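# Per-entry structural report
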Amino acid sequence: MLRYALTNLRANLTRLISTALAVIIGIGFLAAGLMLTDAMRAALTGTVDLEYARVDLVVEPAGAIEGGPASVPGSVLDAVRATDGVAAAAGELTGPVNLLGRNDESLTSRAQGRSWIDDDELDPLSIESGRAPRSATGSTTDGDGDVEVAVDRGTAEDQDLEVGSHVRLATPSGPVAATVVGVTNLGGQDALDDGGTFSFAPTDATRLLAPGTGGWTRILVATDEGRTRAVADTLREDLPRSVEVQDGDRFRSDQRAMSAGLVDLLRPLLQGFAYLAMFVAAFVIFNTFSVVVTQRFRELALIRAVGGTPAQVRRSLLFEGAVIGAVSSAIGIVFGMGLAFAVQAILGAFDIRLPGAGLSVRPWTIVLCLTVGTVVTVLSVFVPAFRAGRTKPVEAMRDAAVDHSGTSTVRAVIGGSALALGLALLLGVRLVGLTSWLLPPGALLLFVGVLVGGPLVARLFAGALRVPARRLGLTARLAVDNTVRNPRRTATTANALVIGLFLVTVVTVSGDALKRFTVEKIDELSASDYIVAAGANGISPELVAKVQGTDGVAAGAPIRQTVVLDSSGRMVFLSGADIDLLRRSTGLAAEDGSIDAVADGTGAAVPALAGASGGGAGPGEDRSMAPLPTRTGSTMELVAADGTTVGVPVVATLKPELDTLLLQVVVSDERFTELAGDQPVSMIYVRVDPGQADAVGRRLNRLVAGHTGVEVQPGNFLGQLVGQVFDFLINTVNALLGMSVIIALVGIVNTLTLSIIERRRELGMVRALGMTRQQVGRMVRAEAVLIGTLGTLIGVGSGLLLGWVLIGSLSAEIALEVNWARITLVVLLGVAAGVVASILPARRATRVEMVEAMAAT
Amino acid sequence: MTSPDLPPAAPTAPVPPAPAATIAWAAQVIGATKVYGVGEAEVRALDGVTVGFEPGRFTAIMGPSGSGKSTLMQCAAGLDRLTAGQAFIGDVDITRLTEKQLTLLRRDRVGFVFQQFNLLPTLTARENITFPLDLAGRSPDPAWMDQVVATVGLGDRLDHKPSELSGGQQQRVAVARALVERPQIIFADEPTGNLDSRSSAEILTFMARAVAEQAQTVVMVTHDPVAASYAGRILFLADGRIVDELLAPTRESILARMGALGI
């Protein structure tokens, strides 16, 4: 029987192409996702070990969060160096730096500026040519003397730089002129950072990369042999409580986890979409094998007649499925490699370089892809195989092999009741206010109803179309009739499309509604006119003064922010500001208590909604955020910079406005310094004179040009940002769902091609009777459009329904304003998919040779 | 023969009564040659056949399997193209027509009855009958439609689907379809091949009556002497050539001629 299966595979190769194609696309997607994320993960985490290889201990700000300010004071570094048993210690400091072109345009992207570490033990970089950068004396921003810089080998080659080149660099403290004194590499690799590495002498680095403070991101420590633990204990004892000491292994594993964080998020997401694509592919495979079994009906009956057992018939089909699944999966893996390369190349063309060059093909990837592809195929073949096994020997003698299944009463009852119950539950949740716990079972029942009851729906659909189709002429009428000749096959084909478009619609509808709601809510809040915001590296005092002195700026309030710990070790997000300036530049207002009491330095103000922001752990940290007090009169016990615990009374709660949401706990500048030490200014709230908004915006943008990491944002940027994030998510998810729509398209091509093979004689006959090729083509196209339309309407319809119920169950406040333009686009795409899918089958149908077709038996 | 410089259809065949030079053939082929395959595998299905089908006559084409009788019909009807020679429907040289012109010519001027798979399963009997007219966007003459339907005796079954009809009834629908468009010529390929003798007799009677009463032209391919006996003229084919011809045949004369030809 296995030989029979193999000869069948060879004989039916063309019929099985679509099955193979569906698997190849799905598995290709899965493989590409795995390979890309593996490569990214390897690239992102791989440098951690190189970079921090010799680090025994790390001194970081307590509660350090990635992207937090560089706030380990220089005095701590001196203290560490003076500690007995410390072999070497160096401050690490990084910040965004870009190479500027002739017209101040950025020639590099995502390059990093670094403080050069002189100690060979701790320094990850090696000098390839030239020498290490030394501090230039007396040079100021854009001043007379050039800063010395060492560039990485990759950037040097890309940008034609060599020792002695004069360059202009954008830094957090503005543009600066520099001389290349050395070229570096990282253990043979080009650069430590993806976009390039610019190394400065430590004093230059602190001035350029951490404007406003002389702090370090962290201090790296190498200890004398075997003394790591003792040194750690001593440091924990001696250093202020605002910093903490971590051992190197723990630090490295935290860094790895943090670097891989995004990839680890991306990976299951991509895999999820790949599995969805495979689910859709299962429909295509199921359909193909159902048709193949129907076509081979007499042959199968013959096998049964000459003594083949049902089990043998079943096994041979399952074996066919397994072979196709395995072979297609293998091709899919190769296709996936091509896809991954293509993604890298396309992104590269837009100057987006993914971390990690090339692909990482792990054995696990190959095993997973082969297994998933084969298992899905075999599972999809199961039902047709069982049906084939039930073939009666006597059917070898019967004439026509027609598939009449698909409209049985059992199916009608099951499909109908699932559909009705699902609808009832969903409508109950939405209209009668049943508990939203009923939503998932309702959605599931609806889905099952659509899948099981599909043939009935197809039949109803065709019935409804028959009358208008008759008016459109014979070909339209025939097309409608043809779609319900085999309602189950039509329904399965349409359902493959339903799955993708259903999800697209749900995501679009509910995403749109949520976005609109959220953005509206945010926009209701008052805000400053502009926010000049910096990343971790802060804003230099010079720039603060320039912003405040800009024409048309009524008030500019510099804000310093950091995380401090409370007495039980939990994190508190603290903002320090000149309260008077803050009040003049934002909508700061007390809901309870008095802001004046904050201004005079005694207490703190907290957002009125503070209770909501507690809980949750920081990234890579096991420390939790402290729940904030919600009422005035309570006292927060905070650990000050000198290690003492200070009671800070809550003297005001702040009205929830955009600005205050970003501030969390607000204290006066003096209090902030006492609690958090020397910290850079991280943003400036700007209020402009009436009517000056646009002009000031342009002036501020000119002002911050060349200051890497410093941006001018409109005060209500949060609304725009949230809107953009929503749009990005909706579009990305829809694009990924597009993969399943493509497979559904393959399914339509497949069904039509197979039904044309089945109807060859009939097509020959109608051609003989005088149907022109154009009419035949039109008929087949109409069939495809009908299937496409059926799938689209069911998918979009149920998607709209679920979106409506979903949004309603979240909050009665959220209005469901369907973006009809987008929904119309989805519908048009679905119908267009039908037209595209019909091209090949229509060609095939019009090429039917009459004489040959009618002679075939 | 239409033109004196053409060779006789076959050397052994008695020369048929020479029709008047002005006769308008319903269909004819001249020097019709059809070759399948190339080289060693070459098969000459038709080997220079010249024959005309006069209007208002029921002609049967007989011959053993592989004699080329179906190929002759298919080429004469414009279902297949000749390798060499000419084929006419009326005065139109169909070998010069484009695919589309040929299709439209078949639709408007040729009727077909096949052995099986004659009907579209999704259409009712009535819709099947008017199918070629519908394709052309014409509606049937109601009186003529009624007469045809009455002739083939389908009155109460017109709204049934083919699957609800017996084999004989299905062929009656096919004959009605061929008649209703009043084609210049009807080609029938083993129309009774799948029917029992009673249904066969009915179908053949309808076709013979259409020829006798409405001067319809019918060309039928068959290997059944009983079926052929309904025709007014029989052509015998062997190895792609016309080997004999019989006018006003009877069952006995057909059997005798078949015996003589070793068919």
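So, a few notes on the structure that sits alongside this text. Bear in mind the structure is a predicted one, so any value in this text is a computation, not a measurement. (Residues numbered from 1 in each chain as written. Chains lettered and ligands numbered in written order. Predicted model: local features only at pLDDT ≥ 70, side-chain atom pairs only at ≥ 80, totals over all residues. Heavy atoms only, no water.)

### Details of the sheet that holds strand β5 (residues 92–93) of chain B
Defined as follows: A pair of strands is labelled paired if DSSP reports no fewer than 2 bridges between them. We count a stretch as a helix when DSSP gives it H or I for four or more residues in a row; a strand needs E for two or more, and each element gets its number in order from the N terminus.
Read from one edge to the other, the open sheet built from 4 strands follows the order β2-β1-β4-β5 (chain B), with strand pairing classed as antiparallel. The sheet is open, and its two borders are formed by β2 (43–53) and β5 of chain B, each paired with just one other strand.

### Quick word on the interface of chain A and chain B
Much of the literature gives interface size as the accessible area that the parts lose upon coming together. What counts, and what does not: Residue contacts follow a heavy-atom distance rule, with two residues in contact if any of their heavy atoms lie within 4.5 Å. We define buried area as the total accessible area lost by two parts upon association, computed with a 1.4 Å probe and summed across both. One side-chain nitrogen of Lys or Arg within 4 Å of one carboxyl oxygen of Asp or Glu is enough to make a salt bridge. Here a polar contact is recorded for every N or O atom pair within 3.5 Å, except that within protein the pair must consist of a potential hydrogen donor and a potential acceptor, and residues adjacent in sequence are included only if both atoms are side-chain atoms.
With 24 residues of chain A in contact, the opposing surface of chain B contributes 25 residues. Of all residues in chain A, Leu474, Leu769 and Val851 of chain A bury the most surface against chain B, accounting for 27% of the area lost on that side. Between the two partners, chain A and chain B, sit 2 salt bridges. Among the salt bridges present, the one from Arg477 of chain A reaches Glu127 of chain B, with a minimum N-O distance of 2.5 Å. Here chain A is connected to chain B by 6 residue pairs in polar contact (both at pLDDT 80 or more). Contributions of two or more residues to the side of chain A that touches chain B are made by α14 (474–483), α23 (760–768), α24 (773–810) and α26 (850–855) of chain A. The greatest single-element share of the side of chain A that touches chain B, amounting to 6 residues, is contributed by α23 of chain A.

### Looking at the pattern of salt bridges
Residue and element names in this part refer to chain A. Going by this rule: Remark: exposure states derive from per-residue accessible area (1.4 Å probe, protein chains only) relative to the maximum for the residue type, with buried under 20%, exposed over 50%, and partly exposed in between.
Enumeration according to the criterion identifies 36 salt bridges over all chains in this entry. Here Arg114 ties to Glu92 by a salt bridge, and the two come within 3.6 Å at their closest N and O atoms. Of this pair, Arg114 sits in strand β5 (residues 112–115) while Glu92 sits in strand β2 (residues 86–92), and the two are 22 residues apart along the sequence. Judged by its relative accessible area of 6%, Glu92 is buried. Each member of the salt-bridge network shares a partner with another, and the members are Glu60, Glu92, Arg114 and Arg218.

### Observations concerning unusual backbone geometry
Residues and elements named next belong to chain B. Notably, Ala215 is not glycine yet its phi reads approximately 55°, a positive angle. Mapped onto the secondary structure, Ala215 falls in the loop between α7 (197–214) and β8 (218–221). One non-glycine residue, Asp239, adopts positive backbone phi at about 50°. Mapped onto the elements of the fold, Asp239 is located in the loop between β9 (233–238) and β10 (241–247).

### Regarding the packing of aromatic side chains
This is how it is decided: Pairing of aromatic rings covers Phe, Tyr and Trp, the last counted by its six-membered ring, and requires centre-to-centre distances within 6.5 Å; plane angles under 30 degrees mean stacked, over 60 mean edge-to-face, and any other angle means tilted.
Evaluation of the coordinates by the stated rule reveals 6 aromatic pairs over all chains. Measuring from ring centre to ring centre gives 5.7 Å for Phe447 of chain A and Phe502 of chain A, while their planes differ by 35°; the resulting arrangement is tilted. On the criterion of sequence distance, the pair formed by Phe447 of chain A in helix α12 (residues 439–452) and Phe502 of chain A in helix α15 (residues 487–524) is long-range, its members being 55 residues apart. With a relative accessible area of 22%, Phe447 of chain A lands in the partly exposed category. Residue Phe502 of chain A is classed as buried on the basis of its relative accessible area, which comes to 9%. Put simply, the rings of Phe112, Phe114 and Phe187 of chain B pair up and form one aromatic cluster.

### Focus: the pairing of β10 of chain B
Residue and element names in this part refer to chain B. Burial analysis of β10 places 5 of its 7 residues in the buried class, the great majority of the element. Where β9 and β10 come together, 6 bridges link them in antiparallel fashion. Bridging across to β10, Arg233 finds its partner in Leu247. Connecting β9 to the antiparallel partner β10 that follows it, the hairpin turn spans 2 residues, and Asp239 within it adopts a positive phi of roughly 50°.

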